Structure formats: C-alpha cells, structure tokens
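# Secondary and tertiary structure notes
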Amino acid sequence: MTARTVLDAQDIDRAIVRISHEIVEANHGTDNLLILGIPTRGVYLANRIAQAIAKNNPGFELEHSLGRLDVTMFRDDLKSQPNRAISPTQIPVSDITDRTVVLVDDVLFSGRTIRAALDALVTHGRPKAVRLAVLVDRGHRELPIRADYVGKNLPTSVTERISVKLTETDEEQSVVITQ
Amino acid sequence: MKHLLSIDDVSKDEALAILNLATEMREVNTREVRKLPALNGKVVANLFFEDSTRTRISFEIAAKRLSADVVNFTAKGSSVSKGESLKDTVLTLEAMGVDAFVVRHHHSGAPQKIAASNWSKATIINGGDGTHEHPTQALLDALTMRVRLKGASDSGDLAGVRVLIVGDILHSRVARSNALLLRKLGAIVAFAGPSTLLPRTATTLVDEVYFNLDEALENSFDVVMMLRVQSERMNSSFVPNSVEYTALFGLTDERFENLGGKALIMHPGPMNRGLEIASKVADSDSSAISEQVSNGVAVRMAVLYRLLAQESK
Amino acid sequence: MKSIVIKNATLANGSVTDVLIDQGVVQQLGGSLKGDRVIKGDGLMLLAGFVDLHTHLREPGFEASETVLTGSKAAAVGGYTAIHAMANTNPVADNAAVVEQVHRLGVDAGYVEVRPIGAVTQGLEGNQLADLGLMNKSKAGVTVFSDDGKCVSDALVMRRALEYVKSFGGVIAQHAQEPSLTKNSTMNEGAKALKLGLTGWPAVAEAGIIARDVLLAEATGSRLHICHLSTAEAVDVVRWAKKRGINVTAEVTPHHLLLTEDAIGEYNTVYKVNPPLRTNTDVEAVRAAVADGTIDIVATDHAPHAAESKDCEWGEAAFGMTGLETAAAVVYTTLVKTGLIDWEKFQFIMSTKPAEIGGIAGHGRPIEAGSPANLVLFDPKHEVIVSGNTHSKSQNSPYIGMTLTGKVTHTIYNGRLTVTDGRLVELEGNNA
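Residues numbered from 1 in each chain as written. Chains lettered and ligands numbered in written order. Predicted model: local features only at pLDDT ≥ 70, side-chain atom pairs only at ≥ 80, totals over all residues.

All right, on to the overall build of chain B then. Along chain B, the regular secondary structure elements total 12 helices and 9 strands. For 313 residues, the compact-globule estimate of 2.2 N^0.38 gives 20 Å, and chain B sits close to it at 19 Å. Across its three principal directions, the C-alpha atoms of chain B cover 55 × 50 × 35 Å. Expressed as a percentage of its 313 residues, the buried residues of chain B come to 52%. In chain B, the proportion of contacts linking residues at least 24 apart, taken out of those at least 6 apart, comes to 75%. (Helix = DSSP H or I, 4+ residues; strand = E, 2+ residues; numbered from the N terminus. Rg over C-alpha atoms; globule rule 2.2 N^0.38 Å. Buried ≥ 20, exposed ≤ 12 C-beta atoms within 10 Å, placed from the backbone. Contact = placed C-beta atoms within 7 Å.)

What follows is the structure, given as structure tokens:
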C-alpha cells in the first residue's frame, strides 16, 4: 500500500481561507449567507470557513449563519448499509427562505451525499440558492453535481482512497491518497 | 434486531440508540417539511385486533413521515371461532407484500406468535398485546422522562431516577414494559395499587411495591405515572367502586399539592379525568401527558427506522 | 391362535421367567417353555398391560383430531391394553346410545379395550344428571362418570351424583376447577403469568373443589376420584382425606410429573393444558404423592388437537396435550429412574389400580397362570428422542424433541400382539 500526501496542514489552512474569500466575493458580501456543514468532517470545515469569513467581515454573526445538516436519512444507499449513526441537524434560523446556503463537505466524489443533502435541505424550506464548497474534488461523479468552491482538484482512480485528516478529530492535518 | 416484541428483546444499548434516534426525529418533526425518504417503498401494515385510535394514528404518522406506505387492518374480535384466524389474516397480508406488521391484539403473546410462526417474513412490532407489553409506549415514556428531567439533547440513561407507577398493574401492559425498560436504563421503579390489582409476585418486576399511595408518595419520586383504570374492574370485585378508588389511589388535587411540584406527572392515556387523575393535575405544568403523545411519533419513527431501514440479512 | 412364549423376561417383583401365552390366557410361568412364537425378553420388564383412566378419543364429533381407531393404536403403542374414553364428545356421552357407540367402535378397532366414561350431567352443563343408570345398564357397562373438561361445580349436583352412582358401584371422576376462580385463566398463577400478562389459575381453584368433594364423599359414603391433580395444595387435601378414611382416589398426568410452567416460554401453545403446568414445587409434590400413595394412579389425559387449534394465539389455542404414546417413558423417567418408586409400584399405578378404579375385569391382574393375557414388555434401557411421528391423529405432544428413557417393545391384548418390536401390528378385520 502506498500513501501520498497531497495536501499538508498549511495547504488545508490556505485552501479554507481562499474558499472563504471566494464565498464572500460571489455573494457580494455576507448578507443572508448560511454555511451548513455535512457531518462529520464537513462540519469542522464549515466551522473554519465561517470563522475565516467572520474574521474579515465583522457583520457576519456565526450564531445565525453556521449550522450542520445530517443527510443520513436521505441517502440512497440506506438499504445496503448497516444502521448508520445519525447526528444532529442544526439550522440556526427558523426560516431559510432568501438565504444563500453554502453546503460544506470534505470530499466530493460520486455526488450522492450532496444529492441527499439537497433533499434534506428542502425539508427545512426553500433557500434562494444553494452552493457547494469542498476541500477536495476527486472526480468520478455519478450525478450532475459540481462544486462552486474547491480546495483542490485531485484526479484519482476509483480504487484509490482519499483520507482527510483534520485536527478536530485526528492527530494531524492532511489529505492523503492511498492505493 | 428483527422484531420489537418485548422490552426483554431490547438491550440497554439498543434502547439508548432508539432514544437517541428519536431525539433526532423530534427535530425532524419541527421542520417545515416533516418527511424523510428513509422507508420509501416499504409497506407497513397496522394490524389492529383491538381498538386503539391513538396508537394506530401515532404509528401511521410515524411510518408516513418516513415515507412508508401504510395500510390499516382493523378486525375487532376476530378469532378462530368467529371468522378468519390470525394465521389467515397474516398470510393474506403477507401475500400482498408487507414489510412490517404493527400488531395490536387483545390476546397476550399474539405478536410473539406471528414472529415465531412461519406465516410471515415481515418485521413484527408489538403495538400492545393483551395484558402483556406495550414496548413503544415504554420507549416514549423513557424519552419523555429524559427530555423533561435531563434536557432535550441528553443522550444518557435514567440512572437513579425514581419512578412510581400507580394503578391497575395486573392488567397493564404499560406498567410491564415500563418496569422492564426503566430498570434497564438504571431507574428505580415502584408499583402502587390496590392489592387485588397488584399481585404479590410483582416484586419480581420492580424495586418497590406499595399498597398505600400516600405512603408511596412520601418516598420522593421524580416521576409519578398514573394508569388508566377500566370501569369493568369495578364490576368484577377488584375495587369496590370508583369513589373509593379515587379516594385511595387517585392523584387528587390534594395529593398533587403535597408533591409540591417536584414530580413529573405522566399518564399513557386515555385518561379518566376525575377518576385516577384530577383534571387540574393533568393540565398542570408538572404534567408531561401531551409531550408523551408527541414523543410517541418520534419514538415510533425511530423504531421503524431501526428495524426497516436496512435490508434484512 | 398361535401360542407365544416370552423368554427370560423380568417381572415387577424382580423374578426372571419364561411365560407361555395361549388362547388369550397366561398358561404357564417357568423355565425353558416352548411356543409357536418366541419373544426374547432379556433385559425387558414384563408387566400387566397399562390401563388409562383418562383418554380423549374425540369420536364422535371431533374426528379431525382423533378417532377411536387412531386413539386405540396410539394406546397400544404406549403399552396400554385398556383405556377409558372421556365423555366430552359431540354429542356428549350422556346417554346409553353414545356410550354404546363408542364401546362398539372400540371393539371394532380391536387394539385395546375401550371403556366409555359417561357424563355426570346432561351436555356437561352441570345442571341435570345425565342418564347415569341407563349408561351403567347399557352394553358399555359404564361405571366411571365424569364431566371432564368442566367441573361439576354445583355442590348439590355433585352431592346427588355421588349418592346416585353409589347404588351401582359407580365412581364420579371430578375435574376439580372452581370456574369462578379460573375465568379467562390460561396458565398457572404466579410470577410467570404476571410477566406474560396471562390470567393466572390459582392452586386454590383446584384444592378448594377437592376439599369440598372429599367432604361430600364422606357425607354420602360414596366413591370419589380426582382427575389430573396438579398442585401441592391438592396433594395435601387428598392426603388429609385419605388419612380420615374417605373413599377417594387421585390421578396425576405424566406431564404434571415432568413439566413446569417454564416450558411455556414465549407462549408456546403446545404447553397450554388444563389443569395448567405448575411449578417445580408442585412437580416435586405430585411425585412424592405418587410415591407415598396419596396419588393412586397415572392417567394420561391424552387430549389430541388438530394443528389449527394450536397454531394460533395463546388465548385462542385449545387446552390439552397428547400422552398415550409417551406415558410409560415419562413415568419411568420421572419416578422409577429417579428411585422414587419400584417396578411393583410402577405396575400398580399404571395398571393394577386404574383397572380397579375403572372396575375393568381382565386387566391389571398379576402375571400368573390363568390370568388374561393383557401384557406389556418394556425396555428401561432404551433412550428415545420423541418424534412428531405418531399413531395419534394429532401432533400436540409436549415431548417432541425431548429424550426420554424407556420404550414399549411389545403389547399383548387378549393374547394377541398389538405391538411387536416397538411397531404397531396392523390388525385386519374385527378382532380377527
């Protein structure tokens, strides 16, 4: 088994800062932005992105703009998977209409998680727009889904495994490809 | 877990997993669209051989919120001697393709019988059998206690919580399932009731037994759960009459005052206001009776999800 | 008729002998006897053919569960040479016509002597006496009367019945169950019933009726028999009555000697029976009562039921279990093998005493020259895993899958083999 580090800790930090800038730029500011992380690591990345936005935009209030969205119940592979743990969903506002929601996940692969996330999101209301931010886009999409903000595009083979390690859950911080 | 027949089949870990899942389902029930696609395409049959509109509706809403198709079969008093047998009813519905049966039956053990037979491959959920068990009621009661005593986001057990269950223990499936589950979760459970309705052998099911409600209430319970007393008990010499029952075993205004608002008041419903529980008590801030009903949907969603969301192995 | 010689069999008293059987009679005991047919008796017990005082043959009326013929075959395989057919048929055996019909069917079947039991009350309803005298005078010659399945709960009716049958030496076999204490009851009262949410069946419902009836028997000077005694309390009452000199006999079933309420598990309807399976304390009490003579006999209460009567909810399931084919092994396993009783006592409770209570000549006789040849050979070494493959028409045996010790190898009824090497002999024609 060979392992290859494609992003180190600093690369990840830089990518997060860059994505945060891009989000604010595309949104023409922070008005009505709602950042939602997809468990598990998407939640940490969303947290960091929101922190980075807040740092440069004093009007951006985390308690009304950062949340998490569990997509387990909306997955299309529920039947074949053992009982997955369900984690809490927190939408920090009572109404998401007129909000621009940025979904955050660590790796974009088949697109099925994001499809589930879109279904989960509409049970909470009708957002104005939904964007997608991912740390790594490894290709091999099975659905017509693309990311708006990408930390790094990583062409991979289907058999390769990508593991994202973040300081919140892991000892180190890196993105590693193993064969 | 393939079936939910008795709390005996549910380990402590499994019970906590259901309660924690139900906590998430409570959140789902506050969303704008209260529907999850998890059981899309599954068929849940409510097989009710005994009237119970509230339990049936609760299961029906739970299944529909998970996108399952629901069919209702109601056959009060059906038996071998009168019309179709349980076996033929199950075989018929099985042949139409049912993934789960929620069984409510006037005979104790009817869901166990279906599960143990080769009549059906479906998942069996006990929706209350005779005077035996009502496991989803116990789960919703445990969730209600946890939310009220420990907060909505708590994910732990009920260690040390003192629960008093009052009334017709002999005929109560709610009492049996609660005693089993709450003790599994670490609670201390006591029964109180007239000795005709609280057999001596009840000491095998709970930690404490009282034949005098006032004496029981002096022992600082965190939860007091009143059971419905059927009017037919008065006619078969279990209890002299309803006035005496209320005087000795009812949660009256006076007894409630003496509790000083320290205990959570619960009732599985439907209530006989003025008989086992005073109206003011049922409507007080200490009462969790309407939360029990709403938690019922969340718990049944959690049970259906855990039993049906994956292909049976 | 060809003669039969059984070589080297062991009698209940422990002696080893050859036995010559001819013309339906035991001709000779001794060494080196010769006959047309030789059966090796080495290691086998030769006992008087078993007599069952409590069998449900279901005919007429419930032929889907059992017939006189299938029940007779099951009895023969179990080592029985005589059985008493309970009255709860449809129509009820409360008149001469029905008992004569059952008797006739028994003769036609030819495997065992079938003695009908007459109902105590019309339609088993507990109100009016059945045609007790006419049934006694009929060709069936009924002497045992029982409403079994139901209790003669009315004290006055019970008193009159006891008094009435006294004139012709009859006996009332009471199914002791106070109905008001057992409304909706389906299993023994106690922690297990509470756990399963089933209405309990208190011991006092049995012992209370027995207490009343032994006093009635004393007051009337009549003979009383207690069916299927199941509780320690009932044992105490019967013991007291016998000590007092009351003319009472009592039976226990094989299943109450072996099984407890724990067998029910999660509502296994095979173990739903009336009276219900009790606790370990009760099992020990009835075993001890057999050993000390308080309980006189073992009777099967063989109660066959068609599959659909058991393949349903516990509450809808029929009460009863089969027992004819397994009784001897259960009694041997629970009483002889455990050292509680010896072979003479085994023969007494399975044959001698039930024949006496039933007033049935030619059965339960000592094995000696001149006795009618109603005999059984029993192998106490043979271990059997009970299968569902039965001669009874019904499969509601509580022992299926269990290992029991002891097997009937041969049964001889009226000098003819009905069972040989454990297999039923198919008889042709009427008593050919």
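This part is about the overall build of chain C. Along chain C, the regular secondary structure elements total 11 helices and 19 strands. Taking 2.2 N^0.38 as the reference for a compact globule, 432 residues should give roughly 22 Å; the C-alpha atoms of chain C span a radius of gyration of 20 Å, in line with that estimate. Considering only C-alpha atoms, chain C reaches an extent of 60 × 45 × 45 Å along its principal axes. Across the 432 residues in chain C, those meeting the buried criterion constitute 61%. Look at the contacts in chain C between residues 6 or more apart in sequence, and 74% of them connect residues 24 or more apart.

Moving on: the sheet that holds strand β3 (residues 100-105) of chain B. Residue and element names in this part refer to chain B. One open sheet holds the 4 strands; their spatial order is β2-β1-β3-β4, and the pairing between them is parallel. Two strands bound the open sheet, and with one partner strand each, they are β2 (69-74) and β4 (123-129). Strand-to-strand twist across the sheet, computed as the mean angle between neighbouring axes with direction ignored, equals 15 degrees. Sheet topology note: the β3/β4 ladder contains 5 bridges and is parallel. Residue pairing for β4: histidine 105 is matched across the bridge by aspartate 129. The strands that helix α12 (residues 289-308) touches are β1 (43-48), β3 and β4; relative to β4, the one it contacts most, it runs at about 150 degrees. (Pairing = 2+ DSSP bridges. Axes fitted to C-alpha atoms, helices over the stretch in contact; angles between N-to-C directions.)

Another aspect to go through is the domain arrangement of chain B. Residue and element names in this part refer to chain B. What the domain assignment lists for chain B is domain 1 (7-133 + 293-308) and domain 2 (135-288). Placing a centre on the C-alpha atoms of domain 1 and another on those of domain 2 gives a separation of 25 Å. Facing 24 residues of domain 1, the contacting portion of domain 2 comprises 21 residues. Elements with a contribution of two residues or more to the side of domain 1 that touches domain 2: α1 (12-28), β4 and α12. Its residues assigned to classes, the side of domain 1 that touches domain 2 shows 9 nonpolar, 9 polar and 6 charged. (Domains from an automatic or database assignment. Nonpolar A, V, L, I, M, F, W, Y, C, P; charged D, E, K, R; others polar.)

It is worth spelling out helix α4 (residues 112-122) of chain A at this point. Here α4 of chain A has its buried residues at Thr113, Ile114, Ala116, Ala117, Ala120 and Leu121 of chain A. Projected down its long axis, α4 of chain A carries its buried residues within an arc of 155 degrees, all on one side. (Arc of directions from axis to C-beta.)

Here the focus is the interface of chain A and chain B. The partner chain B presents 14 residues to the 16 residues of chain A that form the contact. For the side of chain A that touches chain B, the residue count by class is 7 nonpolar, 7 polar and 2 charged.

In this section: the arrangement of the chains. Considering every one of the 2 pairs of chains in contact, the largest contact total is recorded for chains B and C. Nothing in chain A touches chain C; the tightest C-alpha to C-alpha distance between them is still 28 Å.

In this section: the pairing of strand β8 (residues 174-178) of chain A. All names here are of chain A. By the bridge criterion, 4 bridges tie strand β1 (residues 3-7) to β8 in an arrangement that is antiparallel. Within β8, the position partnered with leucine 7 by the bridge is valine 175. Relative to β8, strand β7 (residues 161-165) is paired through 5 bridges, and the arrangement is antiparallel. Within β8, the residue paired with lysine 165 across the bridge is serine 174.

A few words on the domain arrangement of chain C. Residues and elements named next belong to chain C. Each assigned domain of chain C is listed here: domain 1 (4-45 + 371-381 + 401-423) and domain 2 (49-358). Placing a centre on the C-alpha atoms of domain 1 and another on those of domain 2 gives a separation of 28 Å. Listed by partner, the interface residues are 18 residues for domain 1 and 19 residues for domain 2. At the level of elements, β16 (375-385), β17 (403-413) and β18 (416-420) are the ones that each hand at least two residues to the side of domain 1 that touches domain 2. Ranked by residue count, the leading element in the side of domain 1 that touches domain 2 is β17, at 8 residues. For the side of domain 1 that touches domain 2, the per-class residue count stands at 11 nonpolar, 6 polar and 1 charged.

So, on to the environment of leucine 264 of chain B. All names here are of chain B. Within the secondary structure, leucine 264 is located in strand β9 (residues 264-266). Sequence separation between leucine 264 and aspartate 222 is 42 residues; the distance between their C-alpha atoms is 6.1 Å. Setting aside residues up to four positions removed in sequence, leucine 264 forms contacts with Met145, Arg148, Leu149, Asp222, Val223, Ser286 and Ala288.

Let us look at the sheet that holds β7 of chain A. Residue and element names in this part refer to chain A. Spatially, the 3 strands line up as an open sheet ordered β1-β8-β7, and their pairing is antiparallel. The strands lining the two open edges of the sheet, one partner per strand, are β1 and β7. Across this sheet, the average inter-strand angle for adjacent strands is 25 degrees, counted without regard to direction.

Attention now goes to the packing of helix α5 (residues 135-150) of chain B against α12 of chain B. All names here are of chain B. Here α5 crosses α12 at 115 degrees, and the two axes come no closer than 8 Å. As for how α5 packs across α12, the hand of that crossing is right-handed. Of the residues in α12, those touching α5 at Thr136, Leu139, Leu140, Asp141, Leu143 and Thr144 are Glu291, Gln292, Asn295, Gly296, Val299, Arg300 and Val303. Taken together, the residues of the contact of α5 with α12 sort by class into 5 nonpolar, 5 polar and 3 charged. (Left-handed = near helix turned anticlockwise from the far one by under 90°.)

Residue and element names in this part refer to chain C. Axis separation between helix α6 (residues 204-220) and helix α7 (residues 232-243) bottoms out at 8 Å; the angle between their running directions is 15 degrees. Taken together, the axes of α6 and α7 are roughly parallel relative to one another. Crossing geometry of α6 relative to α7 is assigned as right-handed. Of the residues in α7, those touching α6 at Val204, Glu206, Ala207, Ile210, Ala211 and Val214 are Glu233, Ala234, Val237, Val238 and Ala241. Class assignment of the residues belonging to the contact of α6 with α7 gives a composition of 9 nonpolar, no polar and 2 charged. (Parallel < 35°, antiparallel > 145°, perpendicular 65-115°, else oblique.)

If you look at the biggest cluster of nonpolar residues, it comprises 296 residues, and the most contacted ones within it are Ile49 of chain A, Leu164, Val223 and Leu304 of chain B together with Leu46 and Phe145 of chain C. Examining the composition of this core, we find that 10 residues originate from one element, α12 of chain B, more than from any other. Every residue in contact with isoleucine 49 of chain A, bar those within four places of it in the chain, is listed here: Ile16, Ile19, Ser20, Ile35, Val104 and Ala133 of chain A. (Core = buried A, V, L, I, M, F, W, Y, C linked by C-beta atoms within 7 Å.)

Another aspect to go through is helix α1 (residues 68-77) of chain C. Residue and element names in this part refer to chain C. Of all 10 residues making up α1, 10 are buried, and the element is well covered by its neighbours. The complete set of buried residues in α1 reads Val68, Leu69, Thr70, Gly71, Ser72, Lys73, Ala74, Ala75, Ala76 and Val77. Among the residues trailing α1, glycine 79 stands out with phi positive, at a value near 95 degrees.

Here proline 39 of chain A and threonine 40 of chain A are connected by a cis peptide whose omega angle stands at 5 degrees. Along the polypeptide, threonine 40 of chain A turns up in the loop between β2 (33-37) and α2 (41-56). With an omega of 5 degrees, the peptide bond between asparagine 90 of chain C and proline 91 of chain C qualifies as cis. Residue placement: proline 91 of chain C occurs in the loop between β7 (80-85) and α2 (96-109). Of note, glutamine 23 of chain C is a non-glycine position whose phi angle comes to about 55 degrees, a positive value. Within the fold, glutamine 23 of chain C resides in the loop between β2 (16-22) and β3 (25-30).

All right, on to the environment of glutamate 24 of chain B then. By secondary structure assignment, the location of glutamate 24 of chain B is in helix α1. In sequence terms glutamate 24 of chain B and glycine 261 of chain B are 237 residues apart; their C-alpha atoms lie 29 Å from each other.

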